[in-house]
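Here are the chains, one letter per residue:
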Amino acid sequence: MKMPLTAGIVGLPNVGKSTLFNAITQSQVEAANYPFATINPNVGVVEVPDERLEKLTQVFVPKKTVHTTFEFTDIAGLVKGASNGEGLGNQFLAHIRQVDAVCHVVRCFDNADITHVEGSVDPIRDIEIINLELIMADLQSVENRISKVERKALNKDKEAMQEYRVLKAFQEALIQGKPARSVEIDKEDLQTAKNYQLLTHKPMIYIANMAEDEVADPESNKYYMQVKEFAEAEGNDVIAISARIEEELSMMEKEDRQMFLEDLGIKESGLDQVIRAAYHLLGLKTYFTAGQVEVRAWTFKDGMTAPECAGIIHSDFQRGFIRAEAYSYDDIVTYGSEAALKENGKLRSEGKDYIVKDGDVLHFRFNV
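Criteria and cut-off values
Residues numbered from 1 in each chain as written. Predicted model: local features only at pLDDT ≥ 70, side-chain atom pairs only at ≥ 80, totals over all residues. Heavy atoms only, no water. Helix = DSSP H or I, 4+ residues; strand = E, 2+ residues; numbered from the N terminus. Buried < 20%, exposed > 50% of the residue type's maximum accessible area, 1.4 Å probe, protein only. Contact = heavy atoms within 4.5 Å. Areas by Shrake-Rupley, 256 points an atom, 1.4 Å probe, with all protein chains shown as cover. Pairing = 2+ DSSP bridges. Axes fitted to C-alpha atoms, helices over the stretch in contact; angles between N-to-C directions. Parallel < 35°, antiparallel > 145°, perpendicular 65-115°, else oblique. Left-handed = near helix turned anticlockwise from the far one by under 90°. Nonpolar A, V, L, I, M, F, W, Y, C, P; charged D, E, K, R; others polar. Phe/Tyr/Trp six-rings, centres within 6.5 Å; stacked < 30°, edge-to-face > 60°. Core = buried A, V, L, I, M, F, W, Y, C linked by side-chain atoms within 4.5 Å.

Draft legend 1. Up close: the overall build of the protein. Counting its secondary structure elements, the protein contains 14 helices and 12 strands. Considering the protein as a whole, with its 368 residues, one finds that 48% of them fall into the buried category. Once local pairs closer than 6 in sequence are excluded, the contacts in the protein between residues at least 24 apart make up 68%. Element-wise, carbon and sulfur atoms account for 48% of the exposed surface of the protein, whose accessible area totals about 18,900 Å².

Draft legend 2. View of the pairing of strand 4 (residues 69-74). With 6 of its 6 residues buried, strand 4 lies for the most part within the structure. Alternating positions in strand 4 separate into two faces, T69, E71 and T73 on one and F70, F72 and D74 on the other, with burial throughout. With 5 bridges joining them, strand 1 (residues 5-10) and strand 4 adopt parallel strand pairing. Bridged to G8 within strand 4 is T73. Strand direction decides the pairing type here: strand 2 (residues 43-47) and strand 4, joined by 5 bridges, are antiparallel. If you follow E47 over to strand 4, its bridge partner there is T69.

Draft legend 3. Local environment of the sheet that holds strand 4. Here we have 6 strands laid out as an open sheet, ordered 2-4-1-5-6-7, and mixed in their pairing. Each edge of the open sheet is held by one strand with a lone partner, namely strand 2 and strand 7 (237-241). Along the sheet, successive strands turn relative to each other by an average axial angle of 25°, direction set aside. Where strand 6 (residues 204-209) lies against strand 7, 5 bridges are found, and the strand directions are parallel. Following the sheet pairing, A208 is matched in strand 7 by A240.

Draft legend 4. The arrangement of the packing of helix 1 (residues 17-26) against helix 8 (residues 243-250) in detail. Running from N to C, helix 1 and helix 8 cross one another at 20°; their axes reach a closest spacing of 8 Å. As judged from the angle between their axes, helix 1 and helix 8 are roughly parallel. Of the two elements, helix 1 crosses helix 8, and the hand of that crossing is left-handed. Counted together, T19, L20, N22, A23 and Q26 of helix 1 and A243, R244, E246, E247 and S250 of helix 8 form the full contact between these two elements. Along the lines of polarity and charge, the residues of the contact of helix 1 with helix 8 split into 3 nonpolar, 4 polar and 3 charged.

Draft legend 5. Layout of the packing of aromatic side chains. Taken as a whole, this structure holds 10 aromatic pairs when the rule is applied. For the ring pair Y287 and W298, a centre distance of 6.4 Å and an interplane angle of 20° mean the geometry is stacked. Taken as a pair, Y287 in strand 8 (residues 284-290) and W298 in strand 9 (residues 294-301) lie far apart in primary sequence, 11 residues in all. The class of Y287 is buried, set by a relative accessible area of 0%. Through pairs of rings, three or more aromatic residues link up here, namely Y287, W298, F300, F321 and F364.

Draft legend 6. Looking closely at the nonpolar core. In this structure, L20, F70, F72, Y206 and I275 are the most contacted members of the largest nonpolar core, which totals 58 residues. With sequence-adjacent residues up to four places away left out, F70 is seen in contact with L5, T6, A7, G44, V45, V46, V48, I275, A278 and Y279. Residues V142, A153, A160 and L174 belong to the second largest nonpolar core, which totals 18 residues.

Next comes the structure, spelled out in structure tokens:
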């Protein structure tokens, strides 16, 4: 069973990070629906929104419907000097190393009642403070590792030489104040690079936290435009949200949420947008299993084969994989039942080499 995806939330104090995190934990899935029963206090687990799941539920009328989940880790204690042990210092690093992506909350609103830790609202300065902390923390990790492999590399140990080459490339970028993700890595070095779990090697999404009355038209906010320009230069996404609105939404029933958003002129909640962006960023797709017992969404990485996707459910499914009976989500919605799919030749039998597509509905045949 694969662990769910995780994004770490970083940001300076008083930028709206805690408000956003409260909204996430308020809309948290019940522990009963969650396969990993112990949830740390700084982790919020939310369902990944997917309209297709609702449609499949109407077709199959299962006993239960299970969304796939996304985890947010609140990385507390990030202030200027955190990498040198200021604030909670290096404790936060242990948490953030485990995440798949980093969500960086930036303050894009003026409010005299909420003091800014740096004395004024300046999103680019804030971004640079946090980015520098992450870079310094990575540089520390890289240099520690270099001191461990250097001697072996100089003695022409093949593995150590490869590792040393990757580490030196990272070190050079980090010393120049550039993130590790700016280093171009050869295919054969990719796994080595991933093993270090460098913070600045992880994909980043900027979250511009705005006032409630501005979020429907973010482009009219000068701070947002600064963040957007900065993010685009880095090749990163920026999403405008109002953490206050997210908190209000998290208290509401599902039916009321949509009306509330429409009244504000917003299409979907900020949280849903962040999840969608993270999926896109990490190259993730969804396949479904469907029947009378349950309809369920599963997350997989683009390019995975049918046996690999079967292994997400259970390692036995992958080990004893025979074939996958498959059809597309669009077809089941069009034809309305599996029987009708069969009659119209829309049911496929796929083997070990089949690359699973987003929206596939799969039934695995296996023998262990």
